[in-house]
Protein chains: 2
Amino acid sequence: MDQKAKTLPNAGINPNVSVDCVIFGFDFEELKVLLIQRKEGPDQDLAREGRWALPGNLIRDDESLDTAAGRVLGELTGLERIYLQQFQAFGNPDRVRRQADAEWLHYMREQPNARVITVAYFSLVKLHGFEPQPRSFARNVAWFPIDEVPDLAFDHNEIVESGLLALQRILRQRPIGFELLPRKFTLGQLQRLYEAILRRPLDKRNFRKKMLKKDILVALDEKQQGVPHKPAQYYRFDKQKYAEWEEKNLDADFDVVPV
Amino acid sequence: MDQKAKTLPNAGINPNVSVDCVIFGFDFEELKVLLIQRKEGPDQDLAREGRWALPGNLIRDDESLDTAAGRVLGELTGLERIYLQQFQAFGNPDRVRRQADAEWLHYMREQPNARVITVAYFSLVKLHGFEPQPRSFARNVAWFPIDEVPDLAFDHNEIVESGLLALQRILRQRPIGFELLPRKFTLGQLQRLYEAILRRPLDKRNFRKKMLKKDILVALDEKQQGVPHKPAQYYRFDKQKYAEWEEKNLDADFDVVPV
DNA sequence: GGGGAACGTGTACTTATTACACTAACTTTG
DNA sequence: CAAAGTTAGTGTAATAAGTACACGTTCCCC
């Protein structure tokens, strides 16, 4: 039985399940999403009409969902050890139908109506100083401001929407915003990040008060340089201190947002 | 191509994706989980050694994930319009392997190493006055206290754990506890429900103060009868009032728990 | 009618949230 | 080199929320 499997071009790949990643980045001004256009080839009409889509792929039979998402991300960005979290599975019967190309022919005969279920992840990338390169399955890669996401392939607009909601929810439970910033950052940058994700203005003094009180930031011996205004103090996030905070507040949310 | 599909016993069923439900109930004392033992038959060794398992099933090609979960629940309990929410997909490569029975033989040849991905839902049932009957795919059905869940089939223990965490999280964001109680209930019962889910004691006066202040409960003209202590006031949850609360507090959690 | 059991209530203290405006430090421009 | 532009950085007073805590009440049962 393995013999036949090995002769199939897609052996070892699960034709029913994919992962898709909503990759967020922050350029100190806006929240952005990384989208791709697929290469020509057998997958071509999966993203019909050249539309932009979320990076994603069918999973292999030997990898977990998390691993598959990490693989997709790695293939696309070359980055590893990136914040990655599953947030929802999508499986409406009309969402994605596999194309009836030769490679899946056997399978299509047996499951003419099956659709692809996708497990969606969101991912946070320090886009500071990182420009994604088209590679592997992507013909084209680009960051889009979250407010200017075009019509995407399949149900990917819905997935982006849900991903943003998930990000907002989790931002108020854990300090994941730092995953989107370089090691050193200013409080102003951090506040703009929170405002970009939550999509509302926050009071500067209250935000700083609440953030500093958590005692998870350490001020560096360094200030901004070359800015046309009063230079800001740099801080970094202290993982160790956050772990301590967490231990003392086992059940509580990590909420730095004035409601 | 449909011809061949129709001759297959499992046509229209997706062999790679299932849904599983963590069904919670509350008997005024403990939080409970509904588990099943499967019927003998082709599925028999899916739940090896007669172990208890979560209710679940492979999905059909013509239904959404939510629909599939609702179907499983309906087949099992006869109940409909029950609180049901997806919380996580599980897909470790070693979690569940399809058995190589005759029905899936074609498929098994092509995907010898595929495993079943499952999308897990949690569900809240008013178990008050409801006794589940073994039916459809279940040989045996029973409620287990959340602290006394036995060794389950596959990775179902892990799924139950995650389901409880998801329930705890969401209980602090929305007033879903009422889904586990009958229409009329006392504040004491409500508090015990919160304590059972969150697994810690809450201060009675503070809990009542916070809960009543939300203005989502209405006192009924009725008190407990036949109890060997001072009879408690009955209340009911007012969905309309909660909708109003929600509108006024768009971003906030619905948190009635003294931290 | 006494004991057992859960119900129902209030207050004083501490902590968190909110709203709000000006000076400081740097660059650029004229 | 002075003025304009820009963001940084800071404090307080008023209100709201959270916390800790104890005792009389009302029913049933014996």
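Residues numbered from 1 in each chain as written. Chains lettered and ligands numbered in written order. Predicted model: local features only at pLDDT ≥ 70, side-chain atom pairs only at ≥ 80, totals over all residues. Heavy atoms only, no water.

Here we look at the nonpolar core
Within soluble globular proteins, side chains that are nonpolar tend to cluster in buried spots.
All names here are of chain A.
Moving on, step 1. Membership of the largest hydrophobic core comes to 50 residues, with the highest contact counts inside it found for Phe24, Leu31, Phe122, Leu190, Tyr194 and Leu217.
Moving on, step 2. Counting residues domain by domain, this core receives three or more from each of domain 1 (13-171) and domain 2 (183-248).
Moving on, step 3. Excluding anything up to four places from it in sequence, Leu31 contacts Phe24, Gly25, Phe26, Phe144, Pro145, Ile146, Leu164, Leu167, Leu180, Ala196 and Ile197. (Core = buried A, V, L, I, M, F, W, Y, C linked by side-chain atoms within 4.5 Å. Buried < 20%, exposed > 50% of the residue type's maximum accessible area, 1.4 Å probe, protein only. Domains from an automatic or database assignment. Contact = heavy atoms within 4.5 Å.)

Considering the packing of helix α4 (residues 156-171) of chain A against helix α5 (residues 187-198) of chain A
Any two packed helices are characterised by the angle at which their axes cross and by the distance between the axes.
All names here are of chain A.
Moving on, step 1. Two elements in contact, α4 and α5, have axes whose closest approach is 9 Å; the angle formed by their N-to-C orientations is 135°. Here α5 runs oblique to α4, going by the angle between their axes. Counted together, Leu164, Leu167, Gln168 and Leu171 of α4 and Tyr194, Ile197 and Leu198 of α5 form the full contact between these two elements. (Axes fitted to C-alpha atoms, helices over the stretch in contact; angles between N-to-C directions. Helix = DSSP H or I, 4+ residues; strand = E, 2+ residues; numbered from the N terminus. Parallel < 35°, antiparallel > 145°, perpendicular 65-115°, else oblique.)

With respect to the environment of B:Arg115
Moving on, step 1. Counting through the fold element by element, B:Arg115 comes out in the loop between α3 (105-110) and β5 (117-125).
Moving on, step 2. Overall, the relative accessible area of 0% leaves B:Arg115 in the buried class.
Moving on, step 3. A C-alpha to C-alpha distance of 18 Å links B:Arg115 and B:Leu65, two positions 50 residues apart in sequence.
Moving on, step 4. In terms of polar contacts, B:Arg115 uses its side chain to reach the backbone carbonyl oxygen of A:Arg60, at 3.0 Å. (Polar contact = N/O pair within 3.5 Å; in protein donor to acceptor, adjacent residues only side chain to side chain.)

A closer look at the pattern of salt bridges
All names here are of chain A.
Moving on, step 1. A complete count under the given rule lists 16 salt bridges over all chains for this structure.
Moving on, step 2. Between Glu63 and Arg71 there is a salt bridge whose closest N-O contact spans 2.6 Å. In this pair, the class of Glu63 matches that of Arg71, namely buried.
Moving on, step 3. Residues participating in the shared-partner salt-bridge network are Glu63, Arg71 and Glu75. (Salt bridge = Lys/Arg side-chain N within 4 Å of Asp/Glu carboxyl O.)

What about helix α6 (residues 204-213) of chain B?
Moving on, step 1. Residue B:Asp203 occupies the N-cap position of α6(B), its side-chain oxygen lying 3.2 Å from the main-chain nitrogen of B:Arg205.
Moving on, step 2. A positive backbone phi angle near 60° is found at B:Asp215, which sits one or two residues after α6(B).

What to know about the protein's contact with DNA strand D
Moving on, step 1. Around DNA strand D, the structure places 24 residues, and the nearest of them are A:Lys204, A:Pro228, A:His229, A:Gln233 and B:Lys209.
Moving on, step 2. A distance of 3.1 Å is found between a phosphate oxygen of DNA strand D and a side-chain nitrogen or oxygen belonging to A:Arg208.
Moving on, step 3. In the model, a base nitrogen of DNA strand D is placed 3.5 Å from a nitrogen or oxygen of the B:Asp203 side chain.
Moving on, step 4. Mapped onto the surface near DNA strand D, the elements with two or more residues apiece are α6 (204-213) of chain A together with α6 of chain B.
Moving on, step 5. The residue inventory of the surface near DNA strand D, partitioned by class, reads eight nonpolar, five polar and eleven charged. (Near = heavy atom within 4 Å. Nonpolar A, V, L, I, M, F, W, Y, C, P; charged D, E, K, R; others polar.)

Focus: the environment of A:Pro93
Moving on, step 1. Along the chain, the position of A:Pro93 falls in the loop between β4 (83-90) and α3 (105-110).
Moving on, step 2. By relative accessible area, A:Pro93 is classed as buried at 18%.
Moving on, step 3. Residues A:Pro93 and A:Lys184, 91 residues apart in the sequence, show an inter-C-alpha distance of 46 Å.
Moving on, step 4. Excluding anything up to four places from it in sequence, A:Pro93 contacts A:Arg115, B:Asp61, B:Asp62, B:Glu63 and B:Ser64.

Some remarks on unusual backbone geometry
Moving on, step 1. Phi angles above zero are rare outside glycine, and A:Arg199 is one such case at about 60°.
Moving on, step 2. By the element assignment, A:Arg199 lies in the loop between α5 and α6.
Moving on, step 3. With a phi angle near 75°, B:Phe28 is a residue other than glycine that sits in the positive phi range.
Moving on, step 4. With respect to the helices and strands, B:Phe28 occurs in the loop between β1 (13-26) and β2 (31-38).

Here we look at the domain arrangement of chain A
Residues and elements named next belong to chain A.
Moving on, step 1. Each assigned domain of chain A is listed with its residue range as follows: domain 1 (13-171) and domain 2 (183-248).
Moving on, step 2. Each side of the interface is counted separately: domain 1 has ten residues, and domain 2 has eight residues.
Moving on, step 3. In total, about 930 Å² of surface goes out of reach between domain 1 and domain 2, with carbon and sulfur atoms giving 67% of it.
Moving on, step 4. The three residues of domain 1 that bury the most area against domain 2 are Phe26, Phe28 and Leu171, which together make up 53% of that side's buried surface.
Moving on, step 5. At the junction of domain 1 and domain 2, the tally comes to one salt bridge.
Moving on, step 6. Its salt-bridge partner being Arg199, residue Asp147 comes within 2.7 Å of it at the nearest N-O pair.
Moving on, step 7. Linking domain 1 with domain 2 are three residue pairs in polar contact (both at pLDDT 80 or more), by the criterion used here.
Moving on, step 8. For the side of domain 1 that touches domain 2, the element with the most residues is α4, which contributes four residues. (Buried area = accessible area lost by both parts, 1.4 Å probe.)

What about the confidence of the model for chain A?
Any region with low pLDDT has predicted coordinates that should not be read closely.
Residue and element names in this part refer to chain A.
Moving on, step 1. Of all residues in chain A, 84% have pLDDT values of 70 or greater, and the mean over the chain is 86.
Moving on, step 2. Across chain A, strand β8 (residues 233-237) holds the top mean pLDDT of 98, while helix α1 (residues 2-7) sits lowest at 43.
Moving on, step 3. Between residues 1-7, whose pLDDT stays under 50, and residues either more than four places distant or in other chains, the model counts ten contacts.
Moving on, step 4. For this predicted complex, the interface confidence score (ipTM) comes to 0.89, while the overall pTM stands at 0.91. (pLDDT = per-residue confidence, 0-100.)

Side note on the packing of aromatic side chains
Moving on, step 1. Per the counting criterion, the structure on display carries 26 aromatic pairs over all chains.
Moving on, step 2. Arranged with centres 5.0 Å apart and planes meeting at 70°, the rings of B:Trp52 and B:Phe144 form a pair that is edge-to-face. In this pair, B:Trp52 sits in the loop between β2 and β3 (56-60) while B:Phe144 sits in strand β6 (residues 138-145), placing the two residues 92 residues apart along the sequence. For the pair formed by B:Trp52 and B:Phe144, the shared burial category is buried.
Moving on, step 3. Among the aromatic residues, those joined into a ring-pair cluster are A:Phe178, A:Phe185, A:Phe237, A:Tyr242, A:Trp245 and A:Phe254.
Moving on, step 4. Above the ring of B:Tyr234, the side-chain terminus of B:Lys184 is found at 4.9 Å from the ring centroid.
Moving on, step 5. The ring centre of B:Phe254 lies 5.0 Å from the NZ or CZ of B:Lys214, which sits over that ring. (Phe/Tyr/Trp six-rings, centres within 6.5 Å; stacked < 30°, edge-to-face > 60°. Lys NZ or Arg CZ within 6 Å of the ring centre and 35° of its normal.)

Quick notes on the pairing of β5(B)
All names here are of chain B.
Moving on, step 1. β5 sits mainly inside the fold: nine of its nine residues count as buried.
Moving on, step 2. The side-chain alternation of β5 yields two buried faces, one formed by Ile117, Val119, Tyr121, Ser123 and Val125 and the other by Thr118, Ala120, Phe122 and Leu124.
Moving on, step 3. As paired elements, strand β4 (residues 83-90) and β5 share seven bridges and run antiparallel to each other. Paired with Gln88 across the bridge in β5 is Ala120. (Pairing = 2+ DSSP bridges.)

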